[in-house]
Amino acid sequence: PAPAPAPPPVAATPPPPPPKSDGRASWHPKYAAEIEVHGTVAAFDKFFVGLGGGGRASFPIWAFTPFKGFDNDLGFGIGLDIIRYGAYKPRDPKEPTLRVAAYYVPIYLQWNVWMGARASFFLEPTLMYRFSTYIDNCDTTSLPCTATTRFIPTGSLGLRFRLADHVAGTIRVGWPTASLGVSWL
């Protein structure tokens, strides 16, 4: 018997084309809210340096904002930081230092730019409400120690590093506070 004929050579087939895309990368996770808890340092307000903590909640309102060349989204958020200042000198350096408690309520827009599957940076233009009150008795000072309120236009920059699919470490630097925390997406 004659040997079986060799099969014809197989032509290299090109890989299938990638799925159609609108040109946008999509690295950010799908989430309805981002909940963050953090420690806070306040070093740029009139009360000198304070420490505290707080939290924020952000809600995505617009995925793929008008910039189509990169992965970005826009969110709206609100938060609360509670800060204790321990060495405020109101006017005269001879007067004793006072302890002050301040409550900051930031209301902000958060523009996120995703730099890959695990990291993003964000910009937050913010309107912050501050309520401050004196912990110490001010009878020994020359000024009235009454609670004060103030609206502060401010902003911050931040970095988010995803530690797991829906957990991230967050660093935020702004005026009058900076924070380090964890967020759940």
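About the thresholds
- Residues numbered from 1 in each chain as written.
- Predicted model: local features only at pLDDT ≥ 70, side-chain atom pairs only at ≥ 80, totals over all residues.
- Heavy atoms only, no water.
- Helix = DSSP H or I, 4+ residues; strand = E, 2+ residues; numbered from the N terminus.
- Buried < 20%, exposed > 50% of the residue type's maximum accessible area, 1.4 Å probe, protein only.
- Contact = heavy atoms within 4.5 Å.
- Areas by Shrake-Rupley, 256 points an atom, 1.4 Å probe, with all protein chains shown as cover.
- Salt bridge = Lys/Arg side-chain N within 4 Å of Asp/Glu carboxyl O.
- Phe/Tyr/Trp six-rings, centres within 6.5 Å; stacked < 30°, edge-to-face > 60°.
- Lys NZ or Arg CZ within 6 Å of the ring centre and 35° of its normal.
- Patch = residues over 30% accessible without salt bridge, like charges linked within 9 Å, V, L, I, M, F, W, Y side chains within 5 Å.
- Lys, Arg positive; Asp, Glu negative; His and termini not counted.
- Polar contact = N/O pair within 3.5 Å; in protein donor to acceptor, adjacent residues only side chain to side chain.
- Pairing = 2+ DSSP bridges.
- Axes fitted to C-alpha atoms, helices over the stretch in contact; angles between N-to-C directions.

Q: I'd like to hear about the overall build of the protein chain, residue by residue, with values.
A: Counting secondary structure elements, the protein chain contains zero helices and eight strands. Its helices and strands in sequence order give the protein chain the pattern β-β-β-β-β-β-β-β, from N to C terminus. Taking all 185 residues of the protein chain together, the buried fraction comes to 38%. For the protein chain, the share of sequence-separated contacts (at least 6 apart) that also reach a separation of at least 24 residues comes to 59%. For the protein chain, the computed accessible surface area is about 10700 Å², with 70% contributed by carbon and sulfur atoms.

Q: Kindly report on the pattern of salt bridges, identifying the contributing residues and their values.
A: Side chains that differ in sign of charge can pair as their charged atoms come close. Throughout the structure, instances matching the rule amount to five salt bridges. Close ionic contact of arginine 56 with glutamate 124 constitutes a salt bridge, the shortest N to O distance being 3.0 Å. Separated by 68 residues along the polypeptide, arginine 56 in strand β2 (residues 48–63) and glutamate 124 in strand β5 (residues 119–134) bring together distant segments of the chain. Note on accessibility: arginine 56 and glutamate 124 belong to one class, buried. We note a salt bridge from aspartate 165 to arginine 118, for which the minimum N-O separation is 3.9 Å. One end of the pair, aspartate 165, is in the loop between β6 (148–164) and β7 (167–174); the other, arginine 118, is in the loop between β4 (98–114) and β5, with 47 residues separating them in the sequence. The exposure class assigned to arginine 118 is partly exposed, which follows from its relative accessible area of 42%.

Q: Explain the packing of aromatic side chains to me, and be specific about the residues and the numbers.
A: Here the structure, examined in full by the defined rule, presents two aromatic pairs. Ring centres of tyrosine 129 and phenylalanine 151 lie 5.2 Å apart, and the angle between their planes is 55°; on these two criteria the pair is classed as tilted. Separated by 22 residues along the polypeptide, tyrosine 129 in strand β5 and phenylalanine 151 in strand β6 bring together distant segments of the chain. Residue classification places tyrosine 129 among the partly exposed residues on the basis of a relative accessible area of 29%. Directly above the ring of tyrosine 108 sits arginine 56, whose terminal nitrogen or CZ lies 4.9 Å from the centroid.

Q: Got a sec to walk through a nonpolar patch on the surface? Specific residues and values, please.
A: Taken together, the side chains of Phe59, Ile61, Trp62, Phe76, Ile78, Ile107 and Leu109 make up a nonpolar region of the molecular surface, amounting to roughly 640 Å² of accessible area. Looking at where tryptophan 62 falls in the secondary structure, it is placed in strand β2. Note on tryptophan 62: relative accessible area 43%, which makes it partly exposed.

Q: Outline the side chain of arginine 162, supporting the account with residue identities and numerical values.
A: Along the chain, arginine 162 falls in strand β6. No salt bridge is formed by the buried arginine 162; the nearest opposite charge belongs to aspartate 165, separated by 4.1 Å. At a separation of 2.8 Å, a polar atom in the side chain of arginine 162 contacts the main-chain carbonyl oxygen of alanine 117. Not counting residues up to four positions away in its chain, the partners in contact with arginine 162 are Trp27, Pro29, Trp114, Ala117, Arg118, Val167, Ala168 and Leu185.

Q: Help me get a handle on the pairing of β5, residues and values and all.
A: The sheet contact formed by β4 and β5 spans 13 bridges and is antiparallel. Residue pairing across strands places tyrosine 108 opposite threonine 126, the latter belonging to β5. Where β4 folds back on β5, the antiparallel hairpin that results is connected by four residues, among which glycine 116 adopts a positive phi of roughly 155°. Note that β5 and β6 share 14 bridges and pair antiparallel. For leucine 123, the partnering residue across the bridge sits in β6 and is leucine 157.

Q: Please set out the sheet that holds β5 residue by residue, giving values where relevant.
A: Reading around the barrel, the eight strands line up as β1-β2-β3-β4-β5-β6-β7-β8 and close back on themselves, with antiparallel pairing between neighbours. On average, each strand axis in the sheet is tilted by 25° relative to the strand beside it, whichever way the strands run.

These results come straight from atomic positions and should not be treated as a statement about function.
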